[in-house]
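Breakdown of the fold
Each chain, letter by letter, is given below.
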Amino acid sequence: MLEKQLWHPVLDAHALRDAPIAVTLLGEPLVLWRDHGAVHAWADRCPHRGARLSLGRVLTTVNGPRLECPYHGWQFAGGAAAGQCQHVPAAPDFRPPAGHAAQVFEACERHGLVWVRLQAGADAALAEPPAFPEADDPAWRRVVCGPYAVATSAPRLVENFLDLSHFGFVHEGWLGERGHAQVQTGQVTEGAQGLHVVQARAWQPRAYAEAEGGAWIDYAYAVPHPFAAVLRKDAREGDPVRNAIALFIRPDGDGACTAWFVMATHNDPASAESLVAFQDAVFAQDRPVVESQQPKALPIGRTAPVAEVHGPADRVSSAYRRYLQRLGIALGTL
C-alpha cells in the first residue's frame, strides 16, 4: 500500500511536549513522545499485555528519557535503543531480550508539524516529507493553522486548493468576485517530482489578511506529494510583502481527512492571530462545498463509479489526477 510508504502529518509539533500523545495514522494507533526534543512514533501498544502506551508517562532517568507503560511500569528507551524494554519493575534483575520491544516507526519534525511514515520503500521523490523551505527559513515567519477535520477525502481537498476558478463564488468578497471570475491556469509541468504550475492568475479583492484593495495576483503551485500542495503568491512591484502557504493533509479514509495550513510570511505586518483568523474564515467557506462533493473519494481510475466532466479552467486539477494515477493512488485505496 503506497500510502503507508509516504510521510504524513499527524500533529502540530507545539502540541507535543512533556506527555505522550495518542494519534491514529491510516488505521494504526500511535503514541508520540519526545526524547530530548527528538520525536518518537511507536505503535500504541505495550508488547507485554497490550496496554496503550499513550496512557503512560515519560520518565527522566540517568540513562536518558524512557516511556513508561501505565499497566506494569515497563520502561522503554528512546535514543539509539528506541523501543527496547530497559526495566521491568516487578523483576528488577531481569534483562529484557531484544523481543521485548515496542514497534517503532519513522518520525520527524518539519514545517511545524510532526510527520510519520509507517513503511519504507517509496521512490526517491517521496522518501522525505514534502519540501516547504520558506517555513523553515528563519527570515520568514511561520504560522500553523489547524487541524481541520474534514468529511471528504484528502485528494478532494488538494484539488480544491489548486482550483482558482471557485474563488469568485465560494470566496466572493475575499479571494474573488463573480464579475472577475475568469482565471489563467498558467503553465503546468508534470514529472517525477510532482506538479509545478507557474503564471497562474486570478483577481482577488482581498489577497491576504491586511490587504486594502483588489488586484490581479500571480500564483505558482507545487504538488510534491499526493496529499500536499504549496502555493506561492508573486509579490507585486514595490510590494515587500511575500506570502506562501502549504496544505498538508493526513488521509483518514475515502471520506475523511485532517488538514493543516502552514503559512510562511515575509514582511507581512499582520499578527499571527489575524493570519489564523483569516485562514479559518476562508476554510469555513470551503468546508460545506467540499464536504458536499460526491463521491467523497476522487473519481479517478477505471473503477470510478461516476465520471466528471472538465472545463478549460481545470488543467491543473486534471494534471493532479494524472499524477495520482501514475503513483497508483485511485478511488478506494486510502
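Here is a short report on the structure shown in this document. (Residues numbered from 1 in each chain as written. Predicted model: local features only at pLDDT ≥ 70, side-chain atom pairs only at ≥ 80, totals over all residues. Heavy atoms only, no water.)

1. Overview of the overall build of the chain
Across its full length, the chain holds four helices and 17 strands. Residues classed as buried in the chain amount to 50% of the 334 residues present. Contacts spanning at least 24 positions in sequence make up 59% of the contacts within the chain whose residues lie at least 6 apart. Accessible surface for the chain amounts to roughly 15,100 Å². Of this, 51% is attributable to carbon and sulfur atoms. For the chain, the distance from the average site of its 29 positive side-chain charges to the average site of its 35 negative ones is 5 Å. (Helix = DSSP H or I, 4+ residues; strand = E, 2+ residues; numbered from the N terminus. Buried < 20%, exposed > 50% of the residue type's maximum accessible area, 1.4 Å probe, protein only. Contact = heavy atoms within 4.5 Å. Areas by Shrake-Rupley, 256 points an atom, 1.4 Å probe, with all protein chains shown as cover. Lys, Arg positive; Asp, Glu negative; His and termini not counted. Charge placed at Lys NZ, Arg CZ, Asp CG, Glu CD.)

2. Describing the sheet that holds strand β3 (residues 28–35)
One open sheet accounts for six strands, arranged β1-β10-β9-β4-β3-β2; its pairing is antiparallel. Each of the sheet's edge strands pairs with one partner strand only, and the pair in question is β1 (8–12) and β2 (21–25). Here the strands of the sheet are splayed against their neighbours by 35° on average, with no regard to which way each runs. Relative to β3, β2 runs antiparallel, the two being bridged by five bridges. Considered in β3, the bridge of Thr24 is made with Pro29. (Pairing = 2+ DSSP bridges. Axes fitted to C-alpha atoms, helices over the stretch in contact; angles between N-to-C directions.)

3. Considering unusual backbone geometry
In this structure, Pro147 follows Gly146 across a cis peptide bond, with omega equal to 10°. Tracing the backbone shows Pro147 in strand β11 (residues 141–150). Cis geometry marks the peptide bond from Gln294 to Pro295, where omega comes out at -5°. Among the secondary structure elements, Pro295 is positioned in the loop between α3 (272–292) and α4 (315–327). Phi at His36 is positive, roughly 55°, even though this residue is not glycine. Given the relative accessible area of 74%, His36 is considered exposed.

4. Structural notes on the side chain of Glu68
Examined against the element boundaries, Glu68 turns out to sit in strand β6 (residues 64–68). For Glu68, a relative accessible area of 15% translates into the label buried. Those residues in contact with Glu68, other than ones at most four positions away along the chain, are Gly56, Arg57, Leu59, Gly73, Trp74 and Gln75.

5. Here we look at the packing of helix α1 (residues 154–162) against α4
Interaxial distance between α1 and α4 falls to 9 Å at its minimum, and their mutual angle equals 150°. Remark: the crossing between α1 and α4 carries right-handed chirality. Residues Pro155, Arg156, Val158, Glu159 and Leu162 of α1 lie in contact with α4, whose contacting residues are Val316, Ser317, Tyr320, Arg321 and Leu324. Class assignment of the residues belonging to the contact of α1 with α4 gives a composition of six nonpolar, one polar and three charged. (Left-handed = near helix turned anticlockwise from the far one by under 90°. Nonpolar A, V, L, I, M, F, W, Y, C, P; charged D, E, K, R; others polar.)

6. What about the nonpolar core?
With 48 residues, the main nonpolar core has Leu157, Tyr219, Ile249 and Tyr320 as its most contacted residues. In this structure Leu157 touches Val150, Leu247, Ile249, Cys257, Ala259, Phe283 and Val290, once residues within four positions along its chain are discounted. With 16 residues, the next largest nonpolar core counts Ala135, Val144, Ala246 and Phe248 among its residues. (Core = buried A, V, L, I, M, F, W, Y, C linked by side-chain atoms within 4.5 Å.)

7. Some words on the packing of aromatic side chains
Across all of its chains, the model carries twelve aromatic pairs by this definition. Clustering of aromatic rings is evident, with ring pairs tying together Tyr148, Phe161, Phe167, Tyr219, Tyr221, Phe261 and Phe283. (Phe/Tyr/Trp six-rings, centres within 6.5 Å; stacked < 30°, edge-to-face > 60°.)

8. Details of the pattern of salt bridges
Enumeration according to the criterion identifies 16 salt bridges in this entry. Among the ionic pairs, Glu134 bridges to Arg232, the shortest N-O distance being 2.6 Å. Note that Glu134 is positioned in the loop between β10 (113–117) and β11 and Arg232 in strand β15 (residues 228–233), a separation of 98 residues in sequence. Classification of Glu134 by relative accessible area gives buried; the value is 13%. On the accessibility criterion, Arg232 (25% relative accessible area) is partly exposed. Beyond isolated ion pairs, a larger network of salt bridges with shared partners links Arg156, Glu159, Glu308 and Arg321. (Salt bridge = Lys/Arg side-chain N within 4 Å of Asp/Glu carboxyl O.)

9. A word on the side chain of Ser54
You can see Ser54 is positioned in the loop between β4 (38–43) and β5 (57–61). Of the residues examined, Ser54 reaches a relative accessible area of 11% and is grouped as buried. Side-chain polar atoms of Ser54 contact the side chain of Asp44, separated by 2.7 Å. Excluding residues that lie within four positions of it along the chain, Ser54 makes contacts with Pro20, Ile21, Ala22, Val31 and Asp44. (Polar contact = N/O pair within 3.5 Å; in protein donor to acceptor, adjacent residues only side chain to side chain.)

10. So, the environment of Leu26
With respect to the helices and strands, Leu26 occurs in the loop between β2 and β3. With 226 residues separating them in the primary sequence, Leu26 and Asp252 have C-alpha atoms 6.0 Å apart. Excluding residues within four positions of it along the chain, Leu26 makes contact with Glu3, Lys4, His8, Leu118 and Pro251.

11. Here's the deal with the environment of Asp93
With respect to the helices and strands, the residue Asp93 is situated in the loop between β8 (85–87) and β9 (104–110). Judged by relative accessible area, which is 76%, Asp93 ranks as exposed. Considered as a pair, Asp93 and Ser318 are 225 residues apart in the sequence and their alpha carbons are 63 Å apart.

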